[in-house]
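# Remarks on the overall topology
Spelled out, the chains give:
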Amino acid sequence: MSSSAPTFSRPLQTPLSKEELDRINDYLRTLSPQEILQWGIEHLPSLYQTTAFGLTGLVTIDMLSKLTSNPPPLIFIDTLYHFPETLELVEEVKRRYNRDVHVYKPYDCSNVEDFEAKYGQKLWEVDEDTYDFAVKVEPARRAYDELGVKSVITGRRASQGGERANLQPLEADSTGLLKLNPLFAWNFSLVDQYVKEHNVPRNKLLDQGYKSIGDWHSTAKSGDGDAGERAGRWAGKAEKTECGLHKDYFAMKAAAKKVTREKELQAQKEAQAQAQASSPVSPPAVAPTAA
C-alpha cells in the first residue's frame, strides 16, 4: 500500500464501529480485488475463506495463490446434496493449488441416509428455512466456533443482484463475523475473463447449461435468455436469493429451534394418544353382594 493510504490496526480490533467500518469501505472501494485481498491478509483477524467453489470463489483462490505462500484456510460446507461434479471440482482444486479444505456437514450426519433419517425426505420442500439452517447455517457456525474464525472471504458480488445489489467490500454480520468481499464490484464478464486467462478450474456443469450451481435438487439448467447470473437457482422461487449463510444467524437459529420444539411436542402428543388407545380398558368395578 502507498504511504498515503489510511492506517488501520493490525489486526483490526473488533467489534468495529459503524464509523470505522465506513472508513474502511471508503478505502477498500478504491482498490483492486488483489489489493483488497492483500489488505485482508494483513488486517483481518483469524481469516478463512468460505467457498462453495463457484466461479468467484475459484478466482479468489487463484488470486491468493499468487499473493501469498500461506493463503487463508478453506472451508467448504458439504450439504450432502451437491452434484458429483462439484465434489470432483473440490478435489481438483486441492491438487491444483496444494490446498487442504476443512469440510463441514450437517450435524451428526455423514451421508444423505443419516440426514433423511433425522429430518425426513425432501426437507427442502417441506420446510425450506429449516433445511437451509441444517445444511448450511449450523455447519458454518460450527466451523467458525471450532476453528476460531473471526473473518471470512466470500465470493459474493453486487452484480449477482438480489440482496447482494448493495454489497460493500467489508461487512460485519449480526454475530460480529467480518466478511470480506474482494470481487464485490466485478461483473460476470470480468470473472469469466480472469478464469480463461489464468486457466482456473471450473465446474463442468457450467458447460452443460447451468449458470449458478448449488444443491442438485434446487438447481436447474438455464437458457441463454434467462435473466440474472444466478438463473436456475431455486427455480420458481423468485423471492429467494440467499441460502441462509448471509442472513441473520440469530433469527434463523430461533426459527429452527421453534420448528424443532413444535415437532417434539407433536411427537409427544401422538405418542401419548397412541399409548392411551392401546392400553387395556379396566372392567367396571362390581359392587359386593350382600350376604
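Residues numbered from 1 in each chain as written. Predicted model: local features only at pLDDT ≥ 70, side-chain atom pairs only at ≥ 80, totals over all residues. Heavy atoms only, no water.

## As for the packing of helix H2 (residues 33-43) against helix H3 (residues 55-67)
The N-to-C vectors of H2 and H3 enclose an angle of 65°; their axes lie 10 Å apart at closest approach. Judged by the inter-axis angle, H2 sits roughly perpendicular to H3. The crossing of H2 and H3 is right-handed. Every residue of H3 that contacts H2 at Pro 33, Gln 34, Leu 37, Gln 38 and Ile 41 is listed here: Thr 60, Met 63, Leu 64 and Leu 67. Considering only residue class, the contact of H2 with H3 consists of six nonpolar, three polar and no charged. (Axes fitted to C-alpha atoms, helices over the stretch in contact; angles between N-to-C directions. Helix = DSSP H or I, 4+ residues; strand = E, 2+ residues; numbered from the N terminus. Parallel < 35°, antiparallel > 145°, perpendicular 65-115°, else oblique. Left-handed = near helix turned anticlockwise from the far one by under 90°. Contact = heavy atoms within 4.5 Å. Nonpolar A, V, L, I, M, F, W, Y, C, P; charged D, E, K, R; others polar.)

## Let's talk about the pattern of salt bridges
Evaluation of the coordinates by the stated rule reveals 13 salt bridges. In this structure, Asp 22 engages Lys 18 in a salt bridge whose closest nitrogen and oxygen atoms are separated by 2.8 Å. Placement of both Asp 22 and Lys 18 in helix H1 (residues 18-28) is noted, with a separation of four residues, approximately one turn of the helix. Judged by relative accessible area, Asp 22 falls into the partly exposed class, the value being 33%. Classification of Lys 18 by relative accessible area gives exposed; the value is 60%. Put simply, Glu 138 and Arg 142 hold a salt bridge, and the shortest N to O gap is 2.8 Å. (Salt bridge = Lys/Arg side-chain N within 4 Å of Asp/Glu carboxyl O. Buried < 20%, exposed > 50% of the residue type's maximum accessible area, 1.4 Å probe, protein only.)

## Comments concerning the side chain of Asp 192
Here Asp 192 is to be found in helix H8 (residues 188-197). A distance of 3.0 Å separates a polar atom in the side chain of Asp 192 from a polar atom in the side chain of Lys 196. (Polar contact = N/O pair within 3.5 Å; in protein donor to acceptor, adjacent residues only side chain to side chain.)

## Some points on the side chain of Asp 215
Along the chain, Asp 215 turns up in the loop between H8 and helix H9 (249-278). There is no salt bridge for the buried Asp 215, and the closest opposite charge comes from Lys 136, which lies 5.1 Å off by N-O distance. Excluding anything up to four places from it in sequence, Asp 215 contacts Thr 79, Tyr 81, His 82, Phe 83 and Tyr 131. (Lys, Arg positive; Asp, Glu negative; His and termini not counted.)

## Remarks on the nonpolar core
Ranked by size, the top nonpolar core spans 41 residues in total, and within it Leu 12, Trp 39, Phe 53 and Leu 170 carry the most contacts. Secondary structure elements with two or more residues in this core: H1, H2, H3, strand E2 (74-77), helix H4 (84-97), strand E6 (178-180) and H8. Per-element accounting of this core gives the leading share, six residues, to H3. With sequence-adjacent residues up to four places away left out, Leu 170 is seen in contact with Leu 12, Leu 16, Leu 21, Ile 24, Asn 25, Leu 28, Trp 39, Leu 44, Leu 178, Lys 179 and Leu 180. (Core = buried A, V, L, I, M, F, W, Y, C linked by side-chain atoms within 4.5 Å.)

## Concerning H3
The end-to-end C-alpha distance of H3, which contains 13 residues, comes to 18 Å, matching closely the 18 Å that a straight helix rising 1.5 Å per residue would cover. In terms of residue burial, H3 counts as a mostly covered element, since 10 of its 13 residues are buried. Those residues of H3 that fall on the buried side of the exposure criterion are Leu 55, Thr 56, Gly 57, Leu 58, Val 59, Thr 60, Ile 61, Asp 62, Met 63 and Leu 64. Next to the buried residues of H3 lie H2, strand E1 (47-50), E2, H4, strand E4 (151-153) and H8. (Expected span 1.5 Å × (residues − 1).)

## Examining helix H5 (residues 112-119)
Measuring from the backbone nitrogen of Glu 113 back to the side-chain oxygen at the start of H5 gives 3.2 Å, which picks out Asn 111 as the cap. Phi turns positive, to about 90°, at Gly 120, one or two residues after H5.

## Topic: the environment of Pro 169
In this fold, Pro 169 is placed in the loop between E4 and strand E5 (170-172). Pro 169 gets classed as buried once you look at its relative accessible area, which sits at 0%. Leave out the neighbours within four places in its chain, and Pro 169 touches Asn 25, Leu 28, Arg 29, Lys 179, Leu 180, Asn 181 and Phe 184.

## So, the packing of aromatic side chains
Considering all chains together, one arrives at 13 aromatic pairs under this definition. Between the aromatic rings of Tyr 81 and Phe 115, the centroid separation amounts to 6.0 Å while the plane-to-plane angle is 80°, which identifies the pairing as edge-to-face. Remark: Phe 115 occurs in helix H5 and Tyr 81 occurs in the loop between E2 and H4; sequence separation between them is 34 residues. Note on Phe 115: relative accessible area 1%, which makes it buried. (Phe/Tyr/Trp six-rings, centres within 6.5 Å; stacked < 30°, edge-to-face > 60°.)

## Details of the pairing of strand E3 (residues 101-104)
Pairing of E2 with E3 involves four bridges; the strand directions are parallel. Bridge pairing in E3 places Ile 77 opposite Tyr 104. Read as a crossover between parallel neighbours, the route from E2 over H4 to E3 is right-handed. (Pairing = 2+ DSSP bridges. Right-handed = clockwise from strand over helix to strand, strands pointing away.)

## Concerning the sheet that holds E5
Across the sheet, which stays open at both edges, the six strands sit in the order E3-E2-E1-E4-E6-E5 with mixed pairing between neighbours. A single partner strand is all that each edge strand has here, and the edge strands are E3 and E5. Across this sheet, the average inter-strand angle for adjacent strands is 30°, counted without regard to direction. Pairing of E4 with E6, which is carried by three bridges, proceeds in the parallel orientation. Its bridge partner lying in E6, Ile 153 is registered against Leu 180.

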